[in-house]
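Structural description and commentary
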Amino acid sequence: MSITFSAQDKQTLRTGAYGAVSLLAAAGAVGGSPHKIATNGSIALASATGPVGHVLAEKKGGMDLSGKSVAELADRVLPALTEAMSLLKAQAPAEADSYRGIVLVALESALDGRPVSPVLADMTRKITAALDAA
């Protein structure tokens, strides 16, 4: 089955996935290793397969993952995660499950067995809730 994603769809998928890793990295700044979180999570996303994996492997430019605070970043990323799940459920339900799994594996990889602080646990819950809100 061939799935065709519009440029905006691809942007939404990438913003949600890479933004989730960015949110976790920002929350990980409390523990002092946001760069490790971002690196491990990004490697996991780049290792994804299937139609979603192809989208995540494409040029990542154009994502707006900036902000003066974690709250501003979350205002962009959490809705993008929900929108990504909605569009995938409408176009290819199996890919919605794949996307959810890819994002959650990236978060798990980002944490790389380190103790999860309450801040990281809370951010992970918010990301999972956004994925499940669609």
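Anyway, here's the lowdown on the structure attached to this text. Predicted model, so just to flag it, every value in this text is computed and none were measured.

So, on to the pattern of salt bridges. As enumerated under the stated definition, the model contains 6 salt bridges in all. Across the pair Lys10 and Glu58 runs a salt bridge, and its minimum N-O distance is 3.2 Å. Here Lys10 is found in helix α1 (residues 7-28), whereas its partner Glu58 is found in the loop between α3 (50-57) and α4 (70-91), with 48 residues between them in sequence. Overall, Lys10 belongs to the partly exposed group, its relative accessible area being 23%. Note that Asp122 is salt-bridged to Arg125, the shortest N-O span being 3.7 Å. In this pair, Asp122 and Arg125 both sit in helix α6 (residues 118-132), 3 residues apart, roughly one turn of the helix. A relative accessible area of 29% means that Asp122 is categorised as partly exposed. Connected through salt bridges with shared partners, the residues Lys10, Arg14 and Glu58 form a single ionic network.

Let us now look at the packing of α4 against α6. Where α4 contacts α6, the axes come no closer than 7 Å and their chain directions differ by 35°. Of the residues in α6, those in contact with Val70, Leu78, Leu81, Thr82 and Met85 of α4 are Met123, Lys126, Ile127, Ala130 and Leu131. The class makeup of the residues in the contact of α4 with α6 is 8 nonpolar, 1 polar and 1 charged.

On to the nonpolar core. A general tendency of soluble globular proteins is for nonpolar side chains to be buried together. Membership of the largest hydrophobic core comes to 42 residues, with the highest contact counts inside it found for Leu81, Tyr99 and Ile127. Every element with two or more residues in this core is listed here: α1, α2 (34-46), α3, α4, α5 (93-111) and α6. The contact partners of Tyr99, leaving out residues within four places of it in the chain, are Thr12, Leu13, Gly16, Ala17, Val52, Leu81, Ala84, Met85, Leu88 and Leu131.

To continue, consider the packing of α4 against α5. Packing of α4 against α5 leaves a shortest axis separation of 6 Å and a crossing angle of 150°. In this view, α4 runs roughly antiparallel relative to α5, as classed from their interaxial angle. In contact with Leu81, Ala84, Met85, Leu88, Lys89 and Gln91 of α4, α5 contributes Pro93, Glu95, Ala96, Tyr99, Arg100 and Val103. Its residues assigned to classes, the contact of α4 with α5 shows 8 nonpolar, 1 polar and 3 charged.

What follows deals with α4. When the terminal C-alpha atoms of α4 are compared, their 31 Å separation across 22 residues agrees well with the 32 Å that a helix rising 1.5 Å per residue should span. The set of residues buried in α4 consists of Leu73, Ala74, Val77, Leu78, Ala80, Leu81, Thr82, Ala84, Met85, Leu87 and Leu88. Where α4 is buried, its residues touch α1, α3, α5 and α6.

Analysis parameters
- Residues numbered from 1 in each chain as written.
- Predicted model: local features only at pLDDT ≥ 70, side-chain atom pairs only at ≥ 80, totals over all residues.
- Heavy atoms only, no water.
- Salt bridge = Lys/Arg side-chain N within 4 Å of Asp/Glu carboxyl O.
- Helix = DSSP H or I, 4+ residues; strand = E, 2+ residues; numbered from the N terminus.
- Buried < 20%, exposed > 50% of the residue type's maximum accessible area, 1.4 Å probe, protein only.
- Axes fitted to C-alpha atoms, helices over the stretch in contact; angles between N-to-C directions.
- Contact = heavy atoms within 4.5 Å.
- Nonpolar A, V, L, I, M, F, W, Y, C, P; charged D, E, K, R; others polar.
- Core = buried A, V, L, I, M, F, W, Y, C linked by side-chain atoms within 4.5 Å.
- Parallel < 35°, antiparallel > 145°, perpendicular 65-115°, else oblique.
- Expected span 1.5 Å × (residues − 1).

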